[in-house]
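Residue-level structure breakdown
One letter stands for each residue in the lines below.
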Amino acid sequence: AAAMGLSSGPIAAVPMALLSAGAVALTFRLRTTFKAIAVHNRATDLILRGDLDGAEPMLERFSRLGGSVGQSIALQLATVSMLRGDMATCEQRATASIGHRPRLDFAMSGRALADLARSVRAFARAAQGKGEAAMEDIREVRAECMQVVPLARVAVAELLLLSRES
């Protein structure tokens, strides 16, 4: 510490202890995030193979994680519920994904994930006959989204609503 122009002694030990604690916390956070990303990728593979029973428990293990990784995991869980036909759970999980607030550096990816989640929620709501709630999501996705998948999904949700009206 003295070589770097810092004071030595018991007072200098306090910032060093705080730095050490911060480094440990950051290491733990990064390790958890990297594990969650690996689990997310593996779960995506299982979902694409039709193994929903294998993917869901893997994703649930990290379902409380924050940031864009947690948002993406919540969206994957909503997708699993949608593929199972459990639209009430799908709606809850999509709402959880929309509710995640990613950090500033991931704001754009967070918006893209929110649009995807909102389109899944619109479909789930339409499938449950919640017309006005589904239309709110449909309008919001159409107003702000430029991605093909969410726009296509809300078009299907609207068709579902129209078919229920007939």
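Look above for the structure.
Criteria and cut-off values
Residues numbered from 1 in each chain as written. Predicted model: local features only at pLDDT ≥ 70, side-chain atom pairs only at ≥ 80, totals over all residues. Heavy atoms only, no water. Helix = DSSP H or I, 4+ residues; strand = E, 2+ residues; numbered from the N terminus. Buried < 20%, exposed > 50% of the residue type's maximum accessible area, 1.4 Å probe, protein only. Contact = heavy atoms within 4.5 Å. Core = buried A, V, L, I, M, F, W, Y, C linked by side-chain atoms within 4.5 Å. Expected span 1.5 Å × (residues − 1). Salt bridge = Lys/Arg side-chain N within 4 Å of Asp/Glu carboxyl O.

Quick look at the environment of G54
- With respect to the helices and strands, the residue G54 is situated in helix α2 (residues 52–60).
- Judged by relative accessible area, G54 falls into the partly exposed class, the value being 22%.
- Each C-alpha atom of the pair G54 and A43 lies 7.5 Å from the other, and the pair is 11 residues apart in sequence.

Here's the deal with the side chain of R125
- Among the secondary structure elements, R125 is positioned in helix α5 (residues 107–127).
- The contacts of R125, once residues within four sequence positions are left out, are E91, K130, A133, A134 and D137.

A short note on the nonpolar core
- Of all hydrophobic cores here, the largest spans 14 residues; its most connected members are A36, I47, L59 and I73.
- Of all elements in the fold, only α1 (10–48), α2 and α3 (67–84) reach the threshold of two or more residues within this core.
- With 5 residues, the single largest contributor to this core is α1.
- Not counting residues within four places of it along the chain, the set of residues in contact with I73 comprises A36, H40, L59, F62 and S63.

Let's talk about α3
- The terminal C-alpha atoms of α3, which comprises 18 residues, lie 26 Å apart, in line with the 26 Å expected from a rise of 1.5 Å per residue.
- By the criterion of burial, α3 is predominantly enclosed, with 16 of the 18 residues buried.
- Looking one or two residues beyond α3, the residue adopting positive phi is G85, at roughly 85 degrees.

Regarding the pattern of salt bridges
- Tallying each qualifying case throughout the model produces 16 salt bridges.
- E144 is the partner of R111 in a salt bridge, and the nearest nitrogen-oxygen pair spans 3.3 Å. Taken together, the residues span a long stretch of sequence, with R111 in helix α5 and E144 in helix α6 (residues 131–144) at a distance of 33 residues.
- By relative accessible area, which is 29% here, R111 ends up partly exposed.
- Exposure remark for E144: the relative accessible area of 51% places this residue in the exposed category.
- For R139, the salt bridge identified is with E132, shortest N-O distance 2.9 Å.
- What emerges from the salt-bridge pattern is a single network uniting E91, R118, R121, R125, K130, D137 and E140.

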